[in-house]
Amino acid sequence: MDAESGRGAATARRKPWREEALLAYQSLGVVYGEVAAAPLYVFRSAFAGGDIGHSPGNEEIYGALSLVFWTLTLLPLAKYAFFVLRADDGGEGGTFALYSLICRRGVRAGLLLPSSGAAAGDDVTAAAPVSAVRAALERHRVLQRLLLLLALLGTCMVIGDGVLTPAVSVFSAVSGLELSMAREQHQYILLPITCVILVCLFALQHYGTHRVGFLFAPIVCLWLLCISIMGVYNIVHWNPHVYQALSPYYMYKFLQKTQTGGWMSLGGILLCVTGSEAMYADLGHFSQYSIKMAFTLLVYPALVLAYMGQAAYISRHHNFENGSHIGFYVSVPEKIRWPVLGIAILAAVVGSQAIITGTFSIIKQCSSLNCFPRVKIVHTSSTVHGQIYIPEINWILMILCLAVTIGFRDTKHLTNAQGLAVITVMLVTTCLMSLVILLCWNKSIVYALSFLFFFGAIETIYFTASLVKFHEGAWVPVTLSFIFMIVMCVWHYGTKKKYEFDVQNKVSISWLLNIGPSLGIVRVRGIGLIHTELMSGIPAIFSHFVTNLPAFHQVLVFLCIKSVPVPHVQPQERFLVGRIGPKKYRLYRVVVQYGYRDVQKDDIEFEKDLVGSIAEFIRCADSNEKGFLDGAGQSHEGLSSISKGLPLEEDGEFNGSDSPGSSTHKETSLNTITPKPKRVRFALPKDAKIDREVREELQELMEAREAGMSFIMGRSHMRAKSGSGLIKQIVINFGYEFLRRNSRGPPFTANLPHVSTVEVGMICQV
C-alpha cells in the first residue's frame, strides 16, 4: 500500500480545471455559508464581556484583528485546506471518516460490529514494522474504547453545533434591526422574528436542499462580495493603516495588555472559524481541489477584508458603552443598511441549512455503523448524492434550537455555547488526524507529533477560553453532547451484546446434517428470506422456526445486510453468496454490503439482483466454491463475491391472486411478497456448459422464484442475565430496550406487508 493511500481517489484523480471551478462555485452555498456569516457576530462576541478597555492607540482593536487573521490563516487555511482535506476516506470526510480510516488502514482496532472487508479492498499493511502506537492500540482494549469515544465526542459536538448555529446565525442577522428601534422594543421584536425564521427553516427541510440549492451559491457569493466591498470602503474611508494589525506583534501586545480579559475574549474571536469543519465534512459532495480553490481564492480574502473593514471602523468609533456599537451593522453605510440586512438574513439561513444537512449526514453515518438508533431517512434528491432528510432529528433540532434561543435571548450566551462546540470538534479532528499521519500515511512520529502539538496547542488555548464561560452558556453543548453520547453508547453496547449473543448461540452444522435435506419438515414451493445479523453460521432463531413451523420453503436464503465502515461499496462487490450444508439442502447465505454513505434502494431490482446473484453462484459453483460453510468458521469461508448476477427475465404481468388478502401489485421489492409471474428464466451465456446437477438447481430456483418470496424475521428482546451488575441491568433492560422500542426497524422492513411476514420473538439473555 502507498504511504498516503488514505488520501483516496480525490487526490489521485484531478478533474479538469473547468469542472473544478464549477464545483468550487457550487461549494460556496453548501460548505461556506456558516463561516461566511461569522463576521456578523465575531467582534461583538469578542468584546461582549466588557473586560477589555480601549486606548487611543487602538491596541485592543488591532490585537483582536491580528488574532482573527492568524486564526483564519492557521486553522481553516493551513490545517484544513492543506492537511486534513488530504485524509479522505474513499472521497468522504468527517469525524467518522477519520475513525474508519484509522481502523481499516492503520490498525485493527475498531470496535464496530464485524463486517466483511471484501468490499473495502483495504488492509492494514502487515509487512511494515508495527510501531509502538499501532501495537498499543491493537493490544489494549481500553485504548480502542477511548478512540471510539473520541470519535463519538466529535460527532456529538457536531450535533450540538447543529442546534446552536441556526440560532446564532439568524439571531445575529436579525439584530441589525436594533439600530432602527428603541432598546425597550428589542426583546418584543427581535426574538419573535428570529423564532419565526427558525420555524420556517426547519419546516421546509422535508422539501430537500435540491429544491432551492441553485440559490445557495449566488447568495453566499453575493454576501462575500458585499462584505469585501464594505471592508475596502471602511479601510479607505476610516483607517488605511489598519493593515499593520496583521503583524503577529499586535497579538502579543493585546494579550500582554489585556491579560485575563483578553484571554476570555478568545472565546469570541474563535467564532471566526466556525464552519471550518464543513470543509472536511462535505468533502464527499465535492473534491479536495474545488474546496481548497473556493476558500483560498474567494472566501479567505473576502473574510480578511471584512474583518479589516470592521476593525478600521471601530478604531475610529470608540463608544463601547452599547454592544451594538461594536456589532457588524454599525460599520455598514446607512444608505445600504436595509439591503445588507436582507442579504445577511439569507446568508444566515444558507449557513444554517448547511449545518442542519451536515447533522443529518453524520447521524446517518452513525446509524449505519450501529452507533445511533435507527431513524427514518428520506432521500430528497434522486440525482444528488447525500441530500437526505431525517424527520425525527429535524424536529428535535428545531425544539432544542428554539429552546436555547428563547432561553438565552441574546447572542452573548449563544456564541459562548457555539464556541465550545466548534473548538471541541477541531480538537478531536487534530487528535485523530495525527494518528492518520502516523498510522495510515506511515510518516515519522516527529511529523505526527509536530502536527498534534502545533495545532493542538492553538486549539487548547481557545478551548480553555471557551470552557471558562461554562456558566455563561458553554454548558449547553456539554449537556447536549453528554445526552447524545449516552444514547449512542447505550445503543452501540446493546447492539454489540445482541450480536455476541447471536454468535454464541449459533446452530451447529452437525444438527443440520442430522435432520437431513428435508429439515424434518415439509418443503413447499417458494423462496424464504431469513434475516440475520450473522455472516457465518446458522442463527439460533432458525431452529425455533423449524421446531414450530410445519412447513418451509424449498429454497431458504439467510440474508445478511451489512453496513461496512467504508463510504461506498462498488456494485460488483455488493453481493457475497455462499452455501450452507450440501447442495441438496438448498440453503444459501447472501451478504449484501452497503457503505455508510450508500443508499439502500428498495425496489424490484433488488430482488432480481438477489436471485441473479444466487443463480450466478450456482452456475460457477465449481470454480467459486471452496466447501460449504461449517456454521462456526470465523472467516467467511465459502462466500464468493458475485461481480454480476445472472440476468433474470420475467415474462407477463404479475398476478397477485396467489397472495392472500393482496390486490394487484404494480411494483414489488424486498419488502413485499413477490406475486407470481407467469414465467421466469435465466439468460445464460451462449457458450455456457452446464452439467445436470447445476441445471436442476437452477430449475428449482426458477420454480421457487415463480412461486414468490416471503420474508421471515426475528424480533429479539434483550434482558440482562441474572446476577449482572446494576449498571448493566439499567443499560440493557431499560436504556437499550427503550431505544429499540422507539426506533425504526431495518430500512428494508419499513413497508413489509403482514401477509408476507413471519415474525418470531426471542428473549436474549446477555
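Residues numbered from 1 in each chain as written. Predicted model: local features only at pLDDT ≥ 70, side-chain atom pairs only at ≥ 80, totals over all residues. Heavy atoms only, no water.

For the protein, the name recorded in an unreviewed UniProt entry is Potassium transporter, with Leersia perrieri as its organism. Recorded in UniProt under Function (unreviewed entry), the annotation for the protein is "Potassium transporter." Per UniProt, the comment on the protein under Sequence similarities (unreviewed entry) is "Belongs to the HAK/KUP transporter (TC 2.A.72.3) family." (UniProt positions renumbered as here; feature names shortened; annotations may be inferred.)

Colleague: How do you make sense of the overall build of the protein when you look at a structure like this?
Modeller: Scanning the protein from N- to C-terminus turns up 25 helices and 11 strands. Looking at the protein as a whole, 57% of its 766 residues are labelled buried. A separation of at least 24 residues holds for 84% of the contacts in the protein among residues at least 6 apart in sequence. Here the protein has roughly 31500 Å² of accessible surface; of this, 60% comes from carbon and sulfur atoms. (Helix = DSSP H or I, 4+ residues; strand = E, 2+ residues; numbered from the N terminus. Buried < 20%, exposed > 50% of the residue type's maximum accessible area, 1.4 Å probe, protein only. Contact = heavy atoms within 4.5 Å. Areas by Shrake-Rupley, 256 points an atom, 1.4 Å probe, with all protein chains shown as cover.)

Colleague: Looking at this structure, how should I read the pattern of salt bridges?
Modeller: Pairs can form between side chains of opposite charge whenever their charged atoms are close. Going through the model one piece at a time under the given rule, you end up with 13 salt bridges. Between Glu459 and Lys79 there is a salt bridge whose closest N-O contact spans 2.6 Å. Of the two residues, Glu459 is situated in helix α18 (residues 445-467) and Lys79 in helix α5 (residues 59-82); the sequence distance between them amounts to 380 residues. Counted as one network, the salt bridges with shared partners bring together Arg719, Glu737, Arg740 and Arg741. (Salt bridge = Lys/Arg side-chain N within 4 Å of Asp/Glu carboxyl O.)

Colleague: Any chance you could explain the nonpolar core here in plain terms?
Modeller: Most often, soluble globular proteins keep nonpolar side chains buried together rather than apart. Counting 164 residues, the largest nonpolar core has Tyr32, Trp223 and Tyr307 as its most contacted members. If you tally residues by element for this core, the top one is helix α17 (residues 411-440), at 17 residues. Residues in contact with Tyr32, not counting those within four places in the same chain, are Ser27, Val220, Met279, Ile291, Ala294, Phe295 and Val299. Counting 31 residues, the second largest nonpolar core, distinct from the first, contains Phe575, Tyr594, Ala615 and Ile690. (Core = buried A, V, L, I, M, F, W, Y, C linked by side-chain atoms within 4.5 Å.)

Colleague: Whenever I open this one, helix α24 (residues 692-707) confuses me. Can you help?
Modeller: Side chains that are three or four residues apart share a direction in an α-helix, a result of its 3.6 residues per turn. Between the first and last C-alpha of α24 there are 23 Å, a value that for 16 residues agrees with the 22 Å anticipated at 1.5 Å per step. Of all the residues in α24, the buried ones are Val694, Glu697, Leu698, Leu701, Met702, Ala704, Arg705 and Glu706. One side-chain oxygen at the N-terminal end of α24 lies 3.4 Å from the backbone nitrogen of Glu693; it belongs to Asp691. Following α24 by one or two positions, Gly708 has its phi on the positive side, about 110 degrees. (Expected span 1.5 Å × (residues − 1). Polar contact = N/O pair within 3.5 Å; in protein donor to acceptor, adjacent residues only side chain to side chain.)

Colleague: Looking at this model, I keep getting lost on the pairing of strand β5 (residues 575-579). Mind explaining?
Modeller: In summary, the side chains of a regular strand alternate between the two faces of the sheet. Most of β5 is tucked away, with 5 of its 5 residues classed as buried. Covered by surrounding structure in β5 are Phe575, Val577 and Arg579 together with Leu576 and Gly578, the residues of both alternating faces.

Colleague: Please explain the environment of Gly645 as it appears in this structure.
Modeller: Along the polypeptide, Gly645 turns up in the loop between β7 (640-642) and β8 (648-651). We classify Gly645 as partly exposed; its relative accessible area is 25%. Each C-alpha atom of the pair Gly645 and Phe575 lies 8.8 Å from the other, and the pair is 70 residues apart in sequence.

Colleague: Hey, could you run me through the packing of aromatic side chains in this one?
Modeller: How two aromatic rings sit relative to each other is given by the distance of their centres and the angle of their planes. Across all of its chains, the model carries 17 aromatic pairs by this definition. An angle of 55 degrees between the planes, with centres 5.4 Å apart, marks the rings of Phe83 and Phe451 as tilted. With Phe83 in the loop between α5 and α6 (95-106) and Phe451 in helix α18, this pair connects stretches of sequence that are 368 residues apart. Consider the rings of Tyr249 and Tyr250, whose centres lie 5.9 Å apart with planes at 75 degrees: the pair is edge-to-face. Residue class for Tyr249 comes out partly exposed when judged on its relative accessible area of 47%. Members of the aromatic cluster, connected to one another through ring pairs, are Phe83, Phe451, Phe454 and Phe455. Between Lys443 and the ring centre of Tyr447, over which it is positioned, the NZ or CZ distance is 6.0 Å. (Phe/Tyr/Trp six-rings, centres within 6.5 Å; stacked < 30°, edge-to-face > 60°. Lys NZ or Arg CZ within 6 Å of the ring centre and 35° of its normal.)

Colleague: It is not clear to me how the environment of Leu480 should be interpreted in this structure. Could you clarify?
Modeller: Inspection of the secondary structure puts Leu480 in helix α19 (residues 475-504). Residue classification places Leu480 among the buried positions, given a relative accessible area of 10%. The spatial distance from the C-alpha of Leu480 to the C-alpha of Ile159 is 8.3 Å, given a sequence separation of 321 residues.

Colleague: Would you take a moment to explain the side chain of His553 for this structure?
Modeller: With respect to the helices, strands and loops of the structure, His553 is situated in strand β4 (residues 551-564). Its relative accessible area of 17% is what places His553 among the buried residues. Residues within four places of His553 in sequence aside, it is in contact with Arg523, Val524, Arg525, Gly526, Ile527, Gly528, Ser710 and Ile712.

Colleague: Can you help me understand empty space enclosed by the protein in this one?
Modeller: To find leftover empty space, a probe the size of one water molecule is rolled over the atoms. Under the criterion given, the structure shown has 5 cavities of 30 Å³ or more. Counted as a void, the largest cavity has a volume near 340 Å³. Around the largest cavity, the lining comprises 27 residues; the ones closest to its centre are Val158, Glu277, Ala278, Ala281 and Ile355. Those elements giving two or more residues to the lining of the largest cavity turn out to be α8 (141-174), α13 (277-281), α15 (337-368) and α17. (1 Å grid on protein atoms, 1.4 Å probe; cavity = no way out; pocket = protein on both sides within 12 Å on 5 of 7 lines; lining within 4 Å. Points joined across faces, edges and corners; volume = space filled by probe spheres on them.)

Colleague: Where do I start with a nonpolar patch on the surface in this structure?
Modeller: Residues Val142, Leu143, Leu146 and Leu149 make up a contiguous nonpolar surface patch of roughly 330 Å² in combined accessible area. One can find Val142 in helix α8. (Patch = residues over 30% accessible without salt bridge, like charges linked within 9 Å, V, L, I, M, F, W, Y side chains within 5 Å.)

Colleague: I tried to follow the packing of α17 against α19 on my own but got confused; where do I start?
Modeller: Packed helices, taken two at a time, are described by the angle their axes make and the gap between the axes. Two numbers describe how α17 lies on α19: the axes approach to 7 Å, and their chain directions differ by 55 degrees. Comparing their axes, α19 and α17 come out oblique. Residues Ala417, Leu420 and Ala421 of α17 pack against Val476, Pro477 and Val478 of α19. Counted by class, the contact of α17 with α19 contains 6 nonpolar, no polar and no charged residues. (Axes fitted to C-alpha atoms, helices over the stretch in contact; angles between N-to-C directions. Parallel < 35°, antiparallel > 145°, perpendicular 65-115°, else oblique. Nonpolar A, V, L, I, M, F, W, Y, C, P; charged D, E, K, R; others polar.)

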